[in-house]
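Each chain, letter by letter, is given below.
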Amino acid sequence: MLELLNISKSYGSLKVLQDISISFNKGEITAIVGPSGAGKTTLLQIAGTLDRPDSGEVFFNGTELLRLKDKKLSHFRNLNIGFVFQFHQLLPEFTALENVALPSLIAGNRKKRAFEDATRLLGELGLSHRLTHKPSELSGGEKQRTAIARALVNNPEIILADEPTGSLDSRNRDEIKSIISRLRDDYGHTFVIVTHDPEMADIANRTISMADGMISEDSSASILPSLPLFED
């Protein structure tokens, strides 16, 4: 689905990525691990077209993304790539429902559809009782579940997550990992996750280890089926 070829990136004299080639498969969770400064987040940002490499190519289902003009690239990203960040990045003045509906509205969908889709997703993630709450009124785990719903609202081909459990306590970390696992198992969603959480590899189909801007190991794992997280 997503393929990066010969990606290199430097900031001044600092080489962050060194000639990396990697592909990500549909319906899988890939965990990218490694020490701070290994280049994990930079790789994720380039994969999501939030940053451009100094050299190399990024293909999505055969389309070379870096050749697209900025407007077309932004439209493509809105429809095809969902993002989840460590600190959720919810807009503080909007409710949970409004935050989740926003990417759909940006995509040009009617307000009725955008809010219906947002309501359904928040309900599936156990947040039906939090629709009108603003981020300041949500717990850490609720904020991150809202961010996941926002990433899913346009039914993207792939979700890129940067330390999605990094700011959470152990209970909420387990909850988010269960949600991600269930979204893959039940709906076939594709995730690429940068993480320092060693337990994230437990739910990943594949773990990629990075060091010094290069891939040091690429391994697959046998995955146990996830259990339902929320019950009616």
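Every value quoted in this text rests on a predicted model; they were computed, and no experiment measured them.

1. Re the confidence of the model for the chain
- When pLDDT is averaged across the chain, the result is 90; 95% of the residues are at 70 or more.
- Below pLDDT 50 for its whole length, residues 222-228 participates in twelve contacts with residues either more than four positions away or in separate chains.

2. Brief notes about the packing of helix α5 (residues 140-152) against helix α6 (residues 170-187)
- With their axes 10 Å apart at the nearest point, α5 and α6 run at an angle of 20 degrees to one another. In this view, α5 runs roughly parallel relative to α6, as classed from their interaxial angle. Handedness of the α5/α6 crossing: right-handed. Here Gly 141, Gln 144, Arg 145, Ile 148 and Leu 152 of α5 come into contact with α6, specifically with Asn 172, Glu 175, Ile 176, Ile 179 and Leu 183.

3. Things to note about the side chain of Arg 77
- With respect to the secondary-structure elements, Arg 77 resides in helix α2 (residues 70-80).
- The side chain of Arg 77 is buried and forms no salt bridge, while Asp 70, the nearest opposite charge, is found at 7.4 Å.
- Within the local environment of Arg 77, its side chain forms a polar contact with the backbone oxygen of Thr 49, the two atoms lying 2.8 Å apart.
- Those residues in contact with Arg 77 that sit more than four places away from it in its chain are Gly 48, Thr 49, Leu 50 and Phe 83.

4. Describing the nonpolar core
- Among the nonpolar cores identified, the biggest contains 33 residues, and Ile 29, Leu 122, Ile 148, Ile 180, Phe 191 and Ile 193 are the most heavily contacted of them.
- Put simply, the parts of the chain that give this core at least two residues each are β3 (29-33), α3 (96-106), α4 (111-124), α5, β7 (158-162), α6 and β8 (191-194).
- Among the elements that make up this core, the one with the highest residue count is α4 (five residues).
- Every residue in contact with Ile 193, bar those within four places of it in the chain, is listed here: Ile 29, Thr 30, Ala 31, Ile 32, Ala 161, Pro 164, Ile 180 and Met 200.
- By size, the runner-up hydrophobic cluster in this structure holds 29 residues, among which are Leu 17, Ile 20, Ile 46 and Val 58.

What counts, and where the lines are drawn
Residues numbered from 1 in each chain as written. Predicted model: local features only at pLDDT ≥ 70, side-chain atom pairs only at ≥ 80, totals over all residues. Heavy atoms only, no water. pLDDT = per-residue confidence, 0-100. Contact = heavy atoms within 4.5 Å. Axes fitted to C-alpha atoms, helices over the stretch in contact; angles between N-to-C directions. Helix = DSSP H or I, 4+ residues; strand = E, 2+ residues; numbered from the N terminus. Parallel < 35°, antiparallel > 145°, perpendicular 65-115°, else oblique. Left-handed = near helix turned anticlockwise from the far one by under 90°. Buried < 20%, exposed > 50% of the residue type's maximum accessible area, 1.4 Å probe, protein only. Lys, Arg positive; Asp, Glu negative; His and termini not counted. Salt bridge = Lys/Arg side-chain N within 4 Å of Asp/Glu carboxyl O. Polar contact = N/O pair within 3.5 Å; in protein donor to acceptor, adjacent residues only side chain to side chain. Core = buried A, V, L, I, M, F, W, Y, C linked by side-chain atoms within 4.5 Å.

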